[in-house]
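Below, each chain spelled out in residue letters.
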Amino acid sequence: MLADTQNLFIRIHMLHMAQSEDLTVTGVLTTLETQGYRVGEREVKQELERLTQENFLTSHDDKFSITGAGIAEFKEVRTLLGSVAAEVVETETV
């Protein structure tokens, strides 16, 4: 998977994970590696910082929590993913 595409999926996963718990670089890295992503600590930290700059996460010490804007963004992404999955994944290609 190309890096830009992978980064979009990683952002979605981070917002999803942040719905239920505070995020740490190590925790996110472990989860992403378990799911098959090829990613390093530096990339995870950069993406968490980007999400923080965009006001989707807030940082406190070494943890990141989701904000109201992050919750709203994730809800919108989740809705769109539902239609994309129905169209792309469920449609058999020739």
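Details of the structure are given in the entry above.
So, a few notes on the structure that sits alongside this text.

Conventions used here
- Residues numbered from 1 in each chain as written.
- Predicted model: local features only at pLDDT ≥ 70, side-chain atom pairs only at ≥ 80, totals over all residues.
- Heavy atoms only, no water.
- Helix = DSSP H or I, 4+ residues; strand = E, 2+ residues; numbered from the N terminus.
- Buried < 20%, exposed > 50% of the residue type's maximum accessible area, 1.4 Å probe, protein only.
- Polar contact = N/O pair within 3.5 Å; in protein donor to acceptor, adjacent residues only side chain to side chain.
- Contact = heavy atoms within 4.5 Å.
- Core = buried A, V, L, I, M, F, W, Y, C linked by side-chain atoms within 4.5 Å.
- 1 Å grid on protein atoms, 1.4 Å probe; cavity = no way out; pocket = protein on both sides within 12 Å on 5 of 7 lines; lining within 4 Å.
- Points joined across faces, edges and corners; volume = space filled by probe spheres on them.
- Nonpolar A, V, L, I, M, F, W, Y, C, P; charged D, E, K, R; others polar.
- Patch = residues over 30% accessible without salt bridge, like charges linked within 9 Å, V, L, I, M, F, W, Y side chains within 5 Å.
- Areas by Shrake-Rupley, 256 points an atom, 1.4 Å probe, with all protein chains shown as cover.
- Salt bridge = Lys/Arg side-chain N within 4 Å of Asp/Glu carboxyl O.

Side note on the side chain of E47
Moving on, step 1. Within the secondary structure layout, E47 lies in helix α3 (residues 41-53).
Moving on, step 2. A relative accessible area of 4% places E47 in the buried class.
Moving on, step 3. Within the structure, the side chain of E47 is placed 2.8 Å from the side chain of R11, a separation counted as a polar contact.
Moving on, step 4. There is a polar contact of 2.7 Å between the side chain of E47 and the side chain of R50.

Looking at the environment of T24
Moving on, step 1. Tracing the backbone through its elements, the reader meets T24 in the loop between α1 (3-18) and α2 (25-34).
Moving on, step 2. Along the backbone, T24 and F64 are 40 residues apart, and their C-alpha atoms lie at a distance of 6.4 Å.
Moving on, step 3. Residues contacting T24, with those up to four places away along its chain left out, are L48, D62 and K63.
Moving on, step 4. Within the local environment of T24, its side chain forms a polar contact with the backbone nitrogen of G27, the two atoms lying 3.0 Å apart.

Some thoughts on the nonpolar core
Proteins that are soluble and globular tend to have nonpolar side chains buried together.
Moving on, step 1. M14, L23, L32, V44, L48 and L57 are the most contacted members of the largest nonpolar core, which totals 20 residues.
Moving on, step 2. Where this core is concerned, the elements lending two or more residues are α1, α2, α3 and β2 (63-66).
Moving on, step 3. Ranked by the residues each element gives to this core, the list is headed by α1, at five residues.
Moving on, step 4. Setting aside anything within four residues of it in sequence, one finds L32 in contact with I10, H13, M14, M17, Y37, V39 and V44.

A few points about the layout of surface pockets
Moving on, step 1. The computed volume of the largest pocket comes to approximately 170 Å³.
Moving on, step 2. Around the largest pocket, the lining residues are T5, L8, F9, R11, I12, L15, F56, E73 and V77.
Moving on, step 3. Elements that contribute at least two residues to the lining of the largest pocket include exactly α1 and α4 (68-89).
Moving on, step 4. Looking at which element gives the most residues to the lining of the largest pocket, the answer is α1, with six residues.
Moving on, step 5. Each residue belonging to the lining of the largest pocket can be placed in one class, and the counts come to six nonpolar, one polar and two charged.

Re a nonpolar patch on the surface
Moving on, step 1. Residues L80, V84, V88 and V89 make up a contiguous nonpolar surface patch of about 380 Å² in total accessible area.
Moving on, step 2. Among the secondary structure elements, V89 is positioned in helix α4.
Moving on, step 3. You can call V89 exposed: its relative accessible area is 65%.

Any link to function would need more than the numbers given here.
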